[in-house]
Every structure is written in structure tokens, then in C-alpha cells.
Amino acid sequence: MSQAAATPANFPFLSDRHLDPHAYPDGVVFLDGQYLPMSQAEISVLDWGFLHSDATYDTVHVWDGRFFRLDLHLDRFFGGLEKLRMTIPFDRDGVADILHNCVALSGHRAAYVEMLCTRGASPTFSRDPRQAVNRFMAFAVPFGSIANAEQLRRGLHVAISDKVRIPPASIDPSIKNYHWLDLVRGLYDAYDRGADTALILDFNGNVAEGPGFNVFCVKDDKLSTPAVGVLPGITRRTVFDLCAEAGLSAVATDVGVTALKAADEVFITSTAGGVMPVTTIDGAPVADGKVGPITERLMALYWKRHEDPAWSSAVRYP
Ligand code: PLP
């Protein structure tokens, strides 16, 4: 199903949205066939997405009025739906139209844009997931980054938690999901130790990922990133693509804690912030404790490619 184009005339709430003191975060949601201000979006407490974390989602960003690699995010979202046996009444073009409309209606030029589907609730409160009516929704809110401006300049301080990422045999990490208790507990470990954020381990004791990001290390100009038990991030994939173009070697493999701490450079990757430097791990500097040259180069290449029509597409603002 295709969506009507977004124009202020179709959506009269837009004119007074900014006057609503409860409208924070300032954004637009698509829910049950309607576009609403964020403050008016409501879902049932009986939805399995809420009760059982039975949901999948994807997040794409808009930078300077352009979606970045939207096709890859749609591929991952529809892959997750299929693996979880969820169905939605929209095809890829329909979902893309809804995302465009959410951003256009929000007016944001830099946005964090999420599409998600919950298992929903069964009309009879049956325990059989096949009876549930799956629920698709989407929203656009202002762009947010894991690292703030100061952290981007000085590099993030990261602590390695002993929490173990939920293993891939339990939850296929290629299905982007809200099973975050391990990551959130890792974050508390990090805060207790004065760090900005956390990395957690895989079931073999190697480094896995962090709350909302993948991790890379650089040693002797070669890049590596954990291969198993992690979300195949689109930013991670973009780093591989940029490395291939720049003639840098990058592999997905086991990354041990010792190797990470002995790296020349470490950085994390996420749609929420792009390529972000890490300059201390567990209180000790990574190499000389400064943002490294390969990290800086990849940060610049990453943001530059947001203008490239091969990797980005203009939001259809009214
Ligand atoms: N790992 C986890 C657990 C995530 O939630 C995310 C993003 O939300 C990532 C990695 C990074 O993925 P991407 O680069 O696609 O944003």
C-alpha cells in the first residue's frame, strides 16, 4: 500500500504542534494508519512487543535532509519480519513512503527514523503468537548521537563489562531486537566505573558489541571487528565499504579483550553517531590516548558520503 504525500494541508496538527508543551521529543509517529505528534502515540499494554520484547525494528538516519543507505535498512527490517514470521500491510515502497512522510511532517533535516513491528496482541488474549495481530509503526525524532560533541573530540571512555551478550543460538542477532537487558546492565557497570559507555563480551569471552553500536580496532593499519554474536550494523558494513575503496584491510573475526586493549586505535559504529572514537578502555589509554588517524579519516569519509546519491536519497519534504 502506498501513502499519500505529506503536505501541511493533509495534516492540520502541524500548525500548532510547536505550541504543545507535551510534544517532546519533537517528532511525528505513524501508528494505526495515522500520522500523530509524538505525544499522542499510544499502544496497548497487552502488546507482546511490550510484554515479551517480541518485536523487530530498524533505525535509519536523515542527515542534511537525506536518508543514508535506506535500502540496506529496509532489507534488514524485512529480513527480521520474515524470520519472526510477522506480516505488515505495507511493502518496501509503502514503508519508505511512511518514513519519508514522518520526516517531512516533522520538518527535521537531521533525524533519527525508526520503523518497527511488534507481535501485537491477540483479540482473545490467547498465548498463541499466531493469533496476535502484528503492529507496524514508525517515527521520526531529532537526530541523536551516542557520543556528544566533546566525546567525539576527545574520544569515548569505555569500560568492558563482564556481562555476556545474549548468544546467537538464543536470539539471531541479525534480527534487530530490543533484548537489551545485557547491554543496559553493561551500561550501569560502565557508569559505576566512570566510563561513558560499555562493551560487553560474547559467550567465548571475546568482545561483542555495546548498547547500540559495533566496535572496530586498528592494529598496524589493519582493521578488525567481532564476527559473531553481534548485529551486522549498517555503519559497520559502511566502514567495510569505505575501507575497500580506501585500500585498507578490514576483517570480521574474533577480537579478544587483550587485543582490543593493545590496539593502535579503537572506534565504535552506529547509525546513532556514525564512526566514533574510543580513547580509553577500562581507564587506560588506547595507544597514546588520542583520536587516531585512521579513525579520523573514516569519520570524514563517512559523513562526506552522506551527499553521495549512490548512498543517500533526498527526503520528500512538502
Ligand atoms: N549493535 C546493536 C546492538 C545495535 O542496537 C546497533 C544499532 O542500534 C548497532 C550494533 C549498530 O548498527 P547500525 O550501524 O546499523 O546502526
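Calculation rules
- Residues numbered from 1 in each chain as written.
- Predicted model: local features only at pLDDT ≥ 70, side-chain atom pairs only at ≥ 80, totals over all residues.
- Heavy atoms only, no water.
- Pairing = 2+ DSSP bridges.
- Helix = DSSP H or I, 4+ residues; strand = E, 2+ residues; numbered from the N terminus.
- Axes fitted to C-alpha atoms, helices over the stretch in contact; angles between N-to-C directions.
- Contact = heavy atoms within 4.5 Å.
- Near = heavy atom within 4 Å.
- Polar contact = N/O pair within 3.5 Å; in protein donor to acceptor, adjacent residues only side chain to side chain.
- Areas by Shrake-Rupley, 256 points an atom, 1.4 Å probe, with all protein chains shown as cover.
- 1 Å grid on protein atoms, 1.4 Å probe; cavity = no way out; pocket = protein on both sides within 12 Å on 5 of 7 lines; lining within 4 Å.
- Sits in = over half its atoms within 2 Å of the grid points.
- Nonpolar A, V, L, I, M, F, W, Y, C, P; charged D, E, K, R; others polar.
- Expected span 1.5 Å × (residues − 1).

(A) Representation of the sheet that holds strand 1 (residues 28-31) in the model. If you walk across this open sheet you meet the 7 strands as 2-1-6-5-3-4-16, and the pairing is antiparallel. Looking at which strands have only one partner, the edges of the open sheet turn out to be strand 2 (34-37) and strand 16 (312-314). Here the average twist between neighbouring strands, direction ignored, is 25 degrees. Here 4 bridges tie strand 1 to strand 6 (residues 133-142), and the two strands are oriented antiparallel to one another. Each bridged residue has a counterpart across the sheet, and for Phe30 the counterpart in strand 6 is Ala138. Strand contacts of helix 3 (residues 92-106): strand 1, strand 2, strand 3 (55-63), strand 4 (66-68), strand 5 (111-121), strand 6 and strand 16, with the helix running at about 35 degrees to strand 6, the strand carrying the most contacts.

(B) Up close: the site of the ligand. Every one of the 16 residues lining the ligand counts as a neighbour, but Lys176, Glu209, Ile234, Thr235 and Thr271 are closest to it. Here an oxygen atom of the ligand and a side-chain polar atom of Thr235 are 2.6 Å apart. With respect to the ligand, the side chain of Thr271 contributes an N or O atom lying 2.7 Å from an oxygen atom. For the ligand, the protein covers 94% of the area, taking 390 Å² as the surface of the free molecule. Spatially, the ligand is embedded in the largest pocket. Those elements that place two or more of their residues in the shell around the ligand are helix 6 (234-246) and strand 13 (265-270). When its residues are assigned to classes, the shell around the ligand shows 5 nonpolar, 7 polar and 4 charged.

(C) Structural context of helix 3. Given a rise of 1.5 Å per residue, 15 residues ought to cover 21 Å, and the 21 Å separating the end C-alpha atoms of helix 3 matches this to within 8%. Where helix 3 starts, the residue carrying a side-chain oxygen 3.2 Å from the main-chain nitrogen of Asp93 turns out to be Asp91. Phi turns positive, to about 80 degrees, at Gly107, one or two residues after helix 3.

By themselves these figures say nothing about function.
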